[in-house]
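# Structural description and commentary
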Amino acid sequence: VQLQASGGGLVQPGGSLRLSCAASGRTFSTYAMGWFRQAPGKEREFVAAISWSGGTTFYRDSVEGRFTISRDNAKATVYLQMNSLKPEDTAVYYCAARLGETMTRRPSLYDYWGQGTLVTVSS
């Protein structure tokens, strides 16, 4: 599976962005998907994950209620809608794919990674 993330950019606090991650290669619908982020000088951290059917999602506490992960298996794409953005959301955001239905927040358990897209929240 090859993953291509896009949609990052500069946004003011309180603004919104939608990230996309397009997959190619093997059957997209057999993979659980996740979004992670890494801020300068910090470790990569879990943001959100979605099951292969899209029926189950979970989030890190700090983005719950502001971010929404979704997927379109027909388009082989996963999305991250980010609302009410804060400066502390500034990071490079990565999408990742894990074969099977089980979601996880552990980056080491994902099989494939996209290249990352930079999100900067600043006035």
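Residues numbered from 1 in each chain as written. Predicted model: local features only at pLDDT ≥ 70, side-chain atom pairs only at ≥ 80, totals over all residues. Heavy atoms only, no water.

We now examine the sheet that holds strand S3 (residues 17–24). Strand order in the open sheet made by the 4 strands is S1-S3-S8-S7, with antiparallel pairing throughout. This sheet does not close on itself; its edge strands, each paired only once, are strand S1 (2–6) and strand S7 (67–72). Averaged over all pairs of adjacent strands, the angle between their axes in this sheet comes to 15°, without regard to strand direction. (Pairing = 2+ DSSP bridges. Helix = DSSP H or I, 4+ residues; strand = E, 2+ residues; numbered from the N terminus. Axes fitted to C-alpha atoms, helices over the stretch in contact; angles between N-to-C directions.)

Here the focus is the environment of Ala-74. In this structure, Ala-74 sits in the loop between S7 and strand S8 (77–82). In the structure, Ala-74 is positioned 46 residues away from Phe-28 in sequence and 8.7 Å away in space, judged by C-alpha atoms.

Right, let's talk about the state of the cysteines for a bit. Per the counting criterion, the structure on display carries 1 disulfide. Paired by a disulfide, Cys-21 and Cys-95 hold their sulfur atoms 2.1 Å apart. Disulfide Cys-21 to Cys-95: torsion about the S-S bond roughly 60°, handedness right-handed. Of this pair, Cys-21 sits in strand S3 while Cys-95 sits in strand S9 (residues 91–99), placing them 74 residues apart in sequence. The pair Cys-21 / Cys-95 is uniform in exposure class, with both members buried. (Disulfide = S-S within 2.5 Å. Buried < 20%, exposed > 50% of the residue type's maximum accessible area, 1.4 Å probe, protein only.)

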